[in-house]
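What follows is each chain in one-letter form.
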Amino acid sequence: YSLAKTILHHLRGPKANISHEMKLLEDAVKEQGKVGFREKLRMLTKLTIIIPLILSISLMFFQQFCGINVVVFYAGNVLENANLSPNEAALAADFGIGVIQVIFTFISVLLIDLVGRKILLSFGGVL
C-alpha cells in the first residue's frame, strides 16, 4: 500500500491528490481476488484478448524459427565449405558469430530506443 502511494506521488507529483486513484486501485485488487480460475479462463475467450494473444505468440514463434538459430547451428558447416579447416571453422563459428551477435545486440537496443518497437516490428514484417 505504501509503495503504491509513493509511486503515485512520484508519477503525479508530490502535491497531487491521489486518494481517489488509491481507492480505485484498492477496489481493483479486492475484485481481482474474487475472480476464480474459471472466470479467468473465460476471459481468454474474449476477442479483445484472443487477437493480441495470437499475434504475440505468432511473433515469438516466427522470430525463433526463422532467425539467428539457423545461422548459428549451420555456421560451422558453412565455414568448412568455405575452405576453412574444421578447427578454424569451429573457432570462427563460435567466437566470431558470438562477437557479432553482441555488437549487433547493442546496436539493436539503441535502434529500438531511438525509433520505437512498433515501427521496427512493422518494418521487419514487410521485409
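Residues numbered from 1 in each chain as written. Predicted model: local features only at pLDDT ≥ 70, side-chain atom pairs only at ≥ 80, totals over all residues. Heavy atoms only, no water.

A. Representation of helix 5 (residues 68-81) within the structure. Taking 1.5 Å as the rise per residue, helix 5 with 14 residues should run 20 Å; its terminal C-alpha atoms sit 19 Å apart, in good agreement. At Tyr 74, helix 5 shows its maximal bend, which comes to roughly 55°. Just beyond helix 5, the residue with positive phi is Asn 83, at close to 70°. (Helix = DSSP H or I, 4+ residues; strand = E, 2+ residues; numbered from the N terminus. Expected span 1.5 Å × (residues − 1). Bend = angle between axes of the 7 residues up to and from the residue.)

B. The arrangement of the confidence of the model for the protein in detail. For the protein, per-residue confidence averages 82 on the pLDDT scale, and residues scoring 70 or more make up 97% of the total. The secondary structure element of the protein with the lowest average pLDDT is helix 7 (residues 117-126), at 74, and the one with the highest is helix 1 (residues 2-12), at 87. (pLDDT = per-residue confidence, 0-100.)

C. Structural context of the pattern of salt bridges. All chains considered together, the criterion is met by two salt bridges. The shortest N-O distance in the salt bridge between Glu 21 and Arg 12 comes to 2.6 Å. Residue Glu 21 is classed as partly exposed on the basis of its relative accessible area, which comes to 26%. For the salt bridge of Lys 23 with Asp 27, the shortest nitrogen-to-oxygen distance reads 3.2 Å. Linking Lys 23 with Asp 27, this pair stays in helix 2 (residues 19-34), spanning four residues, or about one helical turn. (Salt bridge = Lys/Arg side-chain N within 4 Å of Asp/Glu carboxyl O. Buried < 20%, exposed > 50% of the residue type's maximum accessible area, 1.4 Å probe, protein only.)

D. Structural detail: the packing of helix 5 against helix 6 (residues 86-115). Following both chains from N to C, one finds helix 5 and helix 6 inclined at 150°, their axes separated by 7 Å at the closest point. With respect to helix 6, the axis of helix 5 lies roughly antiparallel. Read as a crossing pair, helix 5 and helix 6 show a hand that is right-handed. Where helix 5 abuts helix 6, its residues Ile 68, Val 72, Ala 75, Gly 76, Leu 79 and Glu 80 lie against Pro 86, Ala 89, Ala 92, Ala 93, Ile 97 and Gln 101. (Axes fitted to C-alpha atoms, helices over the stretch in contact; angles between N-to-C directions. Parallel < 35°, antiparallel > 145°, perpendicular 65-115°, else oblique. Left-handed = near helix turned anticlockwise from the far one by under 90°. Contact = heavy atoms within 4.5 Å.)

E. Local environment of the layout of surface pockets. Volume-wise, the second largest pocket comes out at about 270 Å³. Lining the second largest pocket, in full, are Leu 59, Gln 63, Ser 108, Leu 111, Ile 112, Arg 117, Leu 120 and Leu 121. For the lining of the second largest pocket, the secondary-structure elements that each account for two or more residues are helix 4 (47-65), helix 6 and helix 7. (1 Å grid on protein atoms, 1.4 Å probe; cavity = no way out; pocket = protein on both sides within 12 Å on 5 of 7 lines; lining within 4 Å. Points joined across faces, edges and corners; volume = space filled by probe spheres on them.)

F. Representation of a nonpolar patch on the surface in the model. A contiguous nonpolar surface patch, about 670 Å² in accessible area, is contributed by Phe 37, Leu 41, Leu 44, Ile 49, Leu 53, Ile 57 and Met 60. When residues of the nonpolar patch are traced back to their parent elements, those giving at least two are helix 3 (37-43) and helix 4. In terms of residue count, helix 4 provides more of the nonpolar patch than any other element does, four residues in total. As for its position among the elements, Ile 57 is in helix 4. (Patch = residues over 30% accessible without salt bridge, like charges linked within 9 Å, V, L, I, M, F, W, Y side chains within 5 Å. Areas by Shrake-Rupley, 256 points an atom, 1.4 Å probe, with all protein chains shown as cover.)

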